[in-house]
Amino acid sequence: MEKIQVLIVGAGPAGLAVAACLSQFSIPYCIVEREECSASLWRKRTYDRLSLHLAKEFSELPHISYPSDTPTYIAKEEFVRYVDAYVDHFNIFPKYSTSVESCKYDEVNNYWDVMAHDKVHGLVIEYTARFLVVATGENSEGIIPGIPGLQDFPGEVIHSSSYKSWNTYAGNDVLVVGCGNSGMEIAYDLASHGVETSIVQFMTKWLMNFGMKLVKWRLPVKFVDFILVTSANILYGDLSKYGIVRPNMGPFLLKAKTGRTPVIDVEFEDGEKCSYDSIVLATGYKSTANRWLKNGEGLLNDKGMPRREFPNHWKGERGLYCVGLGMKGLTGICHDAKCVAADIKSVLDSAGPF
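In this text, all values refer to a predicted model and were calculated from it rather than measured experimentally.

The rules behind each value
- Residues numbered from 1 in each chain as written.
- Predicted model: local features only at pLDDT ≥ 70, side-chain atom pairs only at ≥ 80, totals over all residues.
- Heavy atoms only, no water.
- Phe/Tyr/Trp six-rings, centres within 6.5 Å; stacked < 30°, edge-to-face > 60°.
- Helix = DSSP H or I, 4+ residues; strand = E, 2+ residues; numbered from the N terminus.
- Buried < 20%, exposed > 50% of the residue type's maximum accessible area, 1.4 Å probe, protein only.
- Lys NZ or Arg CZ within 6 Å of the ring centre and 35° of its normal.
- Expected span 1.5 Å × (residues − 1).
- Arc of directions from axis to C-beta.
- Contact = heavy atoms within 4.5 Å.
- Pairing = 2+ DSSP bridges.
- Axes fitted to C-alpha atoms, helices over the stretch in contact; angles between N-to-C directions.

### Thoughts on the packing of aromatic side chains
- Under the definition given, this model contains nine aromatic pairs.
- Between F131 and Y321, the aromatic rings sit 6.4 Å apart at their centres with planes inclined by 35 degrees, giving tilted as the arrangement. Remark: Y321 occurs in strand β11 (residues 320-322) and F131 occurs in strand β5 (residues 123-134); sequence separation between them is 190 residues.
- The class of F131 is buried, set by a relative accessible area of 2%.
- On the basis of relative accessible area, Y321 is assigned to the buried category, the value being 2%.
- Their ring planes at 10 degrees and their centres at 5.7 Å tell us that Y163 and Y169 sit as a pair that is stacked. Taken individually, Y163 and Y169 each receive the classification buried, so the pair is uniform in this respect.
- Taken together, W42, Y66, F79, Y82, Y86 and F90 form an aromatic cluster joined through their ring pairs.
- We note K328 situated over the ring of F310; from NZ or CZ to the ring centre the distance is 5.1 Å.

### Notes on helix α3 (residues 76-89)
- Along its 14 residues, α3 runs 20 Å from first to last C-alpha, staying within 8% of the 20 Å computed at 1.5 Å per residue.
- For α3, the full list of buried residues reads K76, F79, V80, Y82, V83, Y86 and V87. Burial along α3 is one-sided: seen end-on, the buried residues are contained in an arc of 155 degrees.
- Buried-residue contacts for α3 involve α1 (13-24), α2 (40-44) and α8 (329-351).
- One or two positions beyond α3, positive phi appears at N91, with a value near 50 degrees.

### What to know about the environment of T283
- Within the secondary structure, T283 sits in the loop between β9 (278-281) and β10 (285-286).
- What makes T283 partly exposed here is its relative accessible area of 24%.
- Measuring from C-alpha to C-alpha, the distance between T283 and V177 comes to 6.7 Å, with 106 residues separating the pair along the chain.
- Setting aside its immediate chain neighbours within four residues, T283 contacts I143, P145, H159 and V177.

### Regarding the sheet that holds strand β8 (residues 174-177)
- The strand order across the open sheet built from three strands is β7-β9-β8, with neighbouring strands paired in parallel fashion. Whereas interior strands pair on both sides, the edge strands pair on one side only; in this sheet they are β7 (156-159) and β8. This sheet shows a mean twist of 15 degrees between the axes of neighbouring strands, independent of strand direction.
- Examined bridge by bridge, β8 and β9 share four bridges and lie parallel to one another. The residue of β9 that forms the bridge with V176 is V280.
- Where helix α4 (residues 181-191) meets the sheet, its contacts fall on β8 and β9, and the angle it forms with β8 comes to roughly 165 degrees.

What follows is the structure, encoded as structure tokens:
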């Protein structure tokens, strides 16, 4: 049994951000990660051409900025280097290949009782923690929809998290299911090397970054969406006559309410029904926190996502917190991590250590 002050579950950007913020207050913590590396989603489950769609000023983790010569829009490899430098700077040492199997609150002793599996040594480790931070992310597991007949499809079917580049599919016809950013970029990657694609509505990078600045100035999200949609209408006109109907919600409210991100700067030609050799399911991700977390009903709903809306979503009861589940990307992670660390410090200052 290991008795610790703060247990952080997940060593992606969210977990690392919390660790860094806690270290600023000299608060001891332990961080566990089921994979063998930090930021495993970025290293192992993203396509090669991925880059951040928001400018670097909106994609930083707490307390460390990007080098001055970093491009405005950061490629995946550049972000991974930034994460590695971040881990080194704050002396963060996650316990890798350690998967949390169960977690419940001990009402008698007033701590979180966590059982974890050390997959390298085959050991079961018990942690007792005064504070528990859920940092396993919105994208913990890919969603595979129940599509009738999919099991009979003779070709390859993968989730977008397994897609790397067009090279694997050279000479094939590939169907991409899903039209978020991942789906559209994967389709573009394939289309530019011979795969037929379809046209979808899109939002330009400069409009989205203009919107980010307005949100940063604390303008209401609905008002920001009104400005962006009006600007898009002026720039592109009415696309409904081509069968492209804008959603009822603007891009920022859509992200806040559903976690869905508008397609940015990707354009295609209208396609026809075809036969395909492979299918890529760009159908999103889901949180898996509820599989191991018990007694967290006050913080997370039945989908493992916060019950309360941003910015009041990050704090539960009895020392339970979540970071990076507010559907606000890296900007939201930065906000959550700072709030959680400050709250833990406040509790410790008033009540003393565990």
